[in-house]
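The chain contents come next:
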Amino acid sequence: MIDEIRLKNFKCFPELVLPMSELTILTGANAAGKSSIIQAMLLSFATMEEKGQSIDAGQALNVDIGNPRTLIAQNPIQLQGMDAYFNFSIKLNQGNWSQVSETTDFIIGMKQDSREADIHYKIDKLSPLKLLFECRKNEIGGSLSYLNAERVGPRISYPAKNEDRILSNGANAAFLIDRADFLDRPVSENLLLKENEEDGKKFSIQVERWMGAILGSVELLVNTDLAKATMDVRYGNPLTDEAVSPTMTGFGISYILPIVTAGLWCSSQNNSILIIENPEAHLHPAAQSQMGKFLYLVSTAGVQVIVETHSEHIIDGARIQAALMHQTDRISVKFLSEKEKKIMIEEISIREDGELEKWPEGFFDQKTQDLRELFQMRRKHASL
């Protein structure tokens, strides 16, 4: 598990030390640094999967950033020691993760004298995180799964991409479901929704049940077209006599398929990290709350989960599930805001009864402000 992220001169953070939990929820205002924290992790993990000393930043971040020098903070601090070799540095401190208990600083950055467009990096010693990645062939595990906010919507068919992890846009979710069934891949006991059928532990059955738990009754059918290397998905519910194409349904059901698939897939391997942006997209508030519960349960199945969200319902669902399991110490909420041209991060802990330890200004208080304004308007009209 990543215990701590340390940033220096990266984007909007001249300096940042951020503790992490089994489930870390990043929330707060737009342009307050939530995505920058996620991008720092993506850059670090990209270097772990490379054997050279440089990476393509745009490819690692799944977005065209132009010149990587735009990643350097505009108000930098003076770097010292080994950090001074770089324009910025990112360190992931990790301890007590499966076979590895050592804590290591992992440094990535652009060389001060570099004129190239890619990012150069250096590791001061062999990182336990790097070791975990190198041991994947020995089935020790260790991987990063990332779903960005721009997930693929309803399609007639989806590509059968031969990737043993979710793509950032979720396009290969159906392929992973089919592959998991073929490999008889197990779902963690913490996430099993049990009924009486003998095949109830089958991966596709569990995906279907979790989608139903979040959205209401859902029937999921997945078929592979080997000739076209595509996957066909069909959805059914009590209102339909026959399952229909995703294009005949709303965006919500297509948007949660990769989230549920990634969560269950990660639960079946060791040392996984799952990062999800805006899991609430296109979901009714009730479904958002259920999604929060699901993500918390994923974090109890040996998966470290990092969520970026603008939904109080995601947070509410997660803290309810944590309180029900008497494990509220496994979840942390980071509230980011901009004050006096600085990014401020407030840690909001969850009490044993599920209540938030504090409710800072700007933290999902817009409804209260709107109701106050409506009340004042009502009083004004009543006095006319």
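Model, not experiment: these values are computed from the prediction. (Residues numbered from 1 in each chain as written. Predicted model: local features only at pLDDT ≥ 70, side-chain atom pairs only at ≥ 80, totals over all residues. Heavy atoms only, no water.)

A look at helix 6 (residues 251-267)
Note that an α-helix has 3.6 residues per turn; residues three or four places apart therefore point the same way. For helix 6, which comprises 17 residues, the first-to-last C-alpha distance of 25 Å matches the rise-based estimate of 24 Å (1.5 Å per residue) to within 8%. Counting buried positions along helix 6 gives 16 out of 17 residues, so the element sits mostly inside the fold. (Helix = DSSP H or I, 4+ residues; strand = E, 2+ residues; numbered from the N terminus. Expected span 1.5 Å × (residues − 1). Buried < 20%, exposed > 50% of the residue type's maximum accessible area, 1.4 Å probe, protein only.)

Remarks on the confidence of the model for the protein
Taken residue by residue, the protein gives an average pLDDT of 84. The fraction at 70 or more is 84%. This model gives residues 96-105 a pLDDT under 50, and the stretch forms 33 contacts once residues within four places in sequence are excluded. In the model, residues 124-141 has pLDDT below 50 throughout and makes 43 contacts with residues more than four positions away in sequence or in other chains. (pLDDT = per-residue confidence, 0-100. Contact = heavy atoms within 4.5 Å.)

Re the environment of Gly-302
Its place among the elements puts Gly-302 in the loop between helix 7 (285-299) and strand 12 (303-308). According to the relative accessible area criterion, Gly-302 is partly exposed, its value standing at 48%. Note: C-alpha distance between Gly-302 and Ser-267 (35 residues apart in sequence) is 6.5 Å.

Topic: the sheet that holds strand 5 (residues 89-94)
Within the open sheet, the 3 strands sit side by side as 2-1-5. Their pairing is antiparallel. The open sheet has two free edges, formed respectively by strand 2 (13-19) and strand 5, since each of these has just one partner strand. Each adjacent strand pair in this sheet contributes to an overall mean axis angle of 5 degrees, direction not counted. In the sheet, strand 1 (residues 2-10) pairs with strand 5 via 6 bridges, with the strands oriented antiparallel. (Pairing = 2+ DSSP bridges. Axes fitted to C-alpha atoms, helices over the stretch in contact; angles between N-to-C directions.)

Considerations on the sheet that holds strand 10 (residues 230-236)
A sheet is described by the order of its strands in space; here 3 strands give the open sequence 8-10-9, paired in antiparallel fashion. This sheet does not close on itself; its edge strands, each paired only once, are strand 8 (158-159) and strand 9 (219-225). Relative to strand 10, strand 8 runs antiparallel, the two being bridged by 2 bridges. Along strand 10, the bridge assignment pairs Tyr-158 with Met-231.

Some words on the pairing of strand 11 (residues 272-277)
A regular strand places its side chains on the two faces of the sheet in alternate fashion. Most of strand 11 is tucked away: 6 of the 6 residues are buried. Of the two faces of strand 11, the one lined by Ser-272, Leu-274 and Ile-276 and the one lined by Ile-273, Ile-275 and Glu-277 are each fully buried. For strand 7 (residues 143-147) and strand 11, the ladder comprises 5 bridges, and the chain directions are parallel. For Leu-147, the partnering residue across the bridge sits in strand 11 and is Ile-276.

Digging into a nonpolar patch on the surface
Taken together, the side chains of Leu-371, Leu-374 and Met-377 define a hydrophobic patch exposed on the protein surface, amounting to about 280 Å² of accessible area. Tracing the backbone shows Met-377 in helix 9 (residues 366-382). On the basis of relative accessible area, Met-377 is assigned to the partly exposed category, the value being 41%. (Patch = residues over 30% accessible without salt bridge, like charges linked within 9 Å, V, L, I, M, F, W, Y side chains within 5 Å. Areas by Shrake-Rupley, 256 points an atom, 1.4 Å probe, with all protein chains shown as cover. Salt bridge = Lys/Arg side-chain N within 4 Å of Asp/Glu carboxyl O.)

A look at the environment of Asp-178
Take Asp-178: it is sitting in helix 4 (residues 173-182). Between the C-alpha atoms of Asp-178 and Met-231, which are 53 residues apart in sequence, the distance is 8.8 Å. Excluding its chain neighbours within four sequence positions, the residues that come into contact with Asp-178 are Val-222, Thr-224 and Met-231.

Digging into the nonpolar core
With 60 residues, the main nonpolar core has Leu-191, Val-207, Met-211, Leu-264, Met-291 and Phe-294 as its most contacted residues. Looking at this core element by element, the count peaks at 9 residues for helix 6. Within the second largest apolar cluster, 36 residues are counted, among which are Leu-16, Leu-43, Tyr-146 and Leu-336. (Core = buried A, V, L, I, M, F, W, Y, C linked by side-chain atoms within 4.5 Å.)

Quick word on the pattern of salt bridges
By the definition in use, this model includes 8 salt bridges. For Lys-201, the salt bridge is made with Glu-189, and the minimal N-O distance between the two is 3.5 Å. Placement of Lys-201 in the loop between helix 4 and helix 5 (203-215) and of Glu-189 in the loop between helix 4 and helix 5 is noted, with a sequence separation of 12 residues between them. With a relative accessible area of 47%, Glu-189 lands in the partly exposed category. Among the ionic pairs, Arg-319 bridges to Asp-316, the shortest N-O distance being 3.0 Å. Of this pair, Arg-319 and Asp-316 both sit in helix 8 (residues 312-324), 3 residues apart, which is roughly one turn of the helix. Overlapping salt bridges, with partners in common, bring together Glu-189, Lys-194 and Lys-201 in one network.

Focus on the side chain of Lys-34
Relative to the assigned elements, Lys-34 resides in helix 1 (residues 34-48). Comment: no salt bridge for buried Lys-34; closest opposite-charge side chain is Glu-308, at 4.4 Å. Polar side-chain contacts of Lys-34 include one of 2.7 Å to the backbone oxygen of Ala-29. Residues within four places of Lys-34 in sequence aside, it is in contact with Leu-26, Thr-27, Gly-28, Ala-29, Glu-308, His-310 and Leu-336. (Lys, Arg positive; Asp, Glu negative; His and termini not counted. Polar contact = N/O pair within 3.5 Å; in protein donor to acceptor, adjacent residues only side chain to side chain.)

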